Amino acid sequence: MTTQHFPQDFLWGAATAAYQIEGAVTEGGRGPSIWDTFSHTPGAVVNGDTGDVACDHFHRVSDDVRLMASLGLTSYRFSLSWSRIQPTGSGAANQAGLDFYRRLADELLEAGILPWATLYHWDLPQALEDAGGWPARDTAARFADYAYLAVSSLGDRITNWTTFNEPWCSSFLGYGSGVHAPGVQDGAASVRAVHHLLLGHGQALQAVRASTPDVNLGITLNLYAMAPASPSEADADAVRRIDGLSNRIFLDPVLKGEYPADVVADLAPVTDFSFVQPGDLETIKQPLDFLGINYYSRHVVAAPLPDAVAEPSSYPGSETVRFVHRTGVPVTDMDWEIDAPGLVETLRGVAENYPPVPLYVTENGSAFVDKVVDGEVDDPGRVDYFDQHLRACHAAIEAGVPLKGYFAWSLMDNFEWSWGYAKRFGMVYVDYETQERIPKSSARWYADVIRRNGLAAQ
Ligand code: FCB
């Protein structure tokens, strides 16, 4: 049997995010974020779940790092809670917050695991939301200050930094459909949020490079493969619209310094883009040391039906485009179609249509209904999902894509945002009653892949 090997220095990671795992929401001087407020809003999250305790990672850092080491991870992607570091989103740093992440980084480094930090995984300090949130321009400047504080304090030990995780979710789910915090439904505000998130990215990179030049900086986008439901021209136009609002509205400004003209035209009924000030796009287009891509699924879309009525949605101006399921394509417990060829397509699309930049898959994974049986959790569906997507990564590398690493989502089961604890994405099972961690069979499988730096031949 020959193995499909990955490049020698390929990074093998797993990812998490602060609000999804840390708990301890009032400890160490942490201030409230929009996810504290949102999760405590009746009806916002399935079962009324909150991140108050989550995986109690704040108190279990050492055990969790040992767990990562036992899997052989060579990198760990986590996020910093902004409101642990600046409890009200501005002003001096809270030392206890910085200390928590300093200790996490030190324990990772001692275990031989490269820390990979995200500055913002959706948890805006509530005080900044009260001042206008991402639709307000000043939030970008606040973010750059926070980035400067965090990286100048921790950049001696954390050398890889991502500004934002999935600004699509922060803008369009947070301020468009309102299914994520802060739960606002206002199409125009969601597009302003897009711009101010991107501006915050650019301003943060400028501030950090001026103070801590030796770190690697990038951003993580959630990109989707796209397909039309039929060969009709109308369905092709639906693809163009949804690709524009999901992928190109972020890729183009960050990598080319422009908003796609067709997306601006599609959004004309919603906003006139007058919030873009001279120089903003130059600020947004900073050199990147890497681009992170989160990939889960493909969108298959169709043109609106003639009598469709627009409801608040995550696709302003294109609310009535239909998202359809293909018959016979397997789905995960999120009802997301499993489509590994879409990952090859997505990686190649970025590599071929944009200026060259090293790429990392910073998230990829699947939710399944996992059960503990005799103390073990067997999750063949997740093993198969990872296997297919890692083969896709391998194929992309063979096709010349500069893919440098892969982070499985997620290290462990956690608070899945508006789904609460109802959806399990972990390679490690978490018993939320006892906080016991049980590595699933996918964790053992992944450890094996890492050990051989490759996949067994099929
Ligand atoms: C991504 C998020 C991550 C997790 C996975 C399932 O959109 O970045 O926090 O919720 O989806």
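Above: the structure in question.
Throughout what follows, the structure given in this document is the object of discussion. The numbers attached to residues start from 1 for each chain and follow its sequence in the written order. In view of the model being predicted, local features appear only for residues whose pLDDT reaches at least 70, and side-chain atom pairs are presented and counted only at 80 or more, with totals across whole chains, interfaces and linings using the full set of residues. Based on all heavy atoms of the structure, the side-chain values leave hydrogens and waters out of the count.

Focus on the environment of N94
Thinking step 1. Only DSSP runs of H or I with at least four residues qualify as helices, and only runs of E with at least two residues qualify as strands; both kinds are numbered from the N terminus onward. With respect to the element layout, N94 can be found in the loop between helix 4 (82–85) and helix 5 (95–110).
Thinking step 2. Residue burial is assigned from relative accessible area. The probe radius is 1.4 Å, only protein chains are included, and a residue is buried under 20% of its type maximum, exposed over 50%, and partly exposed in between. Classification of N94 by relative accessible area gives buried; the value is 18%.
Thinking step 3. Separated by 10 residues in the primary sequence, N94 and R84 place their C-alpha atoms 6.9 Å from one another.
Thinking step 4. N or O atoms within 3.5 Å of each other form a polar contact, as long as, within protein, one can give a hydrogen and the other can take it, and as long as residues adjacent in sequence are counted only when both atoms are side-chain atoms. Among the polar contacts listed, one links the side chain of N94 to the backbone oxygen of R84, at a separation of 2.8 Å.

Notes on the pairing of strand 2 (residues 11–15)
Thinking step 1. Here strand 2 lies mainly inside the structure; 5 of its 5 residues are buried.
Thinking step 2. Covered by surrounding structure in strand 2 are L11, G13 and A15 together with W12 and A14, the residues of both alternating faces.
Thinking step 3. Strand direction decides the pairing type here: strand 2 and strand 12 (residues 403–409), joined by 5 bridges, are parallel. Within the sheet, the bridge partner assigned to L11 lies in strand 12 and is G405. Strand pairing follows a simple DSSP-based rule, namely that at least 2 bridges must link the two strands.

Examining helix 10 (residues 233–256)
Thinking step 1. Taking 1.5 Å of rise per residue, 24 residues should cover 34 Å, yet helix 10 covers just 28 Å from first to last C-alpha, more than 12% shy of that figure.
Thinking step 2. At any given residue, the bend is defined as the angle formed between two axes, one fitted to the seven residues that end at that position and one fitted to the seven that begin there. The largest bend in helix 10 comes to about 50°, at R248.
Thinking step 3. Most of helix 10 is tucked away, with 17 of its 24 residues classed as buried.
Thinking step 4. Phi turns positive, to about 75°, at G257, one or two residues after helix 10. A helix's residues, less one, multiplied by 1.5 Å, set its expected span.

What to know about the site of the ligand
Thinking step 1. As a matter of local geometry, the ligand sits amid Q20, H121, W122, N165, E166, Y296, E363, W409, E416, W417 and F425.
Thinking step 2. The side chain of Q20 places a nitrogen or oxygen atom 2.8 Å from an oxygen atom of the ligand.
Thinking step 3. Taking H121, its side chain carries an N or O atom lying 2.8 Å from an oxygen atom of the ligand.
Thinking step 4. Three classes are used, and their members are as follows: Ala, Val, Leu, Ile, Met, Phe, Trp, Tyr, Cys and Pro are nonpolar, Asp, Glu, Lys and Arg are charged, and the others, Gly among them, are polar. Tallied by class, the residues present in the shell around the ligand amount to 5 nonpolar, 3 polar and 3 charged. For each residue, the test is whether any non-hydrogen atom lies within 4 Å of the molecule or strand; if one does, the residue is near.

With respect to the packing of helix 9 (residues 187–211) against helix 10
Thinking step 1. As a rule, the C-alpha atoms of each element are fitted with a line to give its axis, helices using only the stretch in contact, and angles between N-to-C directions run from 0 to 180 degrees. The contact between helix 9 and helix 10 brings their axes to 11 Å, and the two run at 35°. In this structure, helix 9 crosses over helix 10, and the sense of that crossing is right-handed. Seen from helix 9, the contacting residues are V194, L198 and H201; seen from helix 10, they are I249, F250, P253 and V254.
Thinking step 2. Its residues placed into classes, the contact of helix 9 with helix 10 shows 6 nonpolar, 1 polar and no charged. The hand of a helix crossing depends on one turn: near helix anticlockwise from the far one by less than a right angle means left-handed, and clockwise means right-handed. In what follows, a contact means two residues having at least one pair of non-hydrogen atoms within 4.5 Å.

Here we look at the nonpolar core
Thinking step 1. The definition of a nonpolar core used throughout is a set of buried Ala, Val, Leu, Ile, Met, Phe, Trp, Tyr and Cys residues joined through side-chain atoms within 4.5 Å. Counting 144 residues, the largest nonpolar core has W35, L80, W134, W161, L291 and Y446 as the members making the most contacts within it.
Thinking step 2. Among the elements that line this core, the one with the most residues is helix 10, at 9 residues.
Thinking step 3. The residues touching W35, leaving out its near neighbours within four places in the chain, are Y19, V45, W122, D123, H180, A181, F415, W417 and S418.

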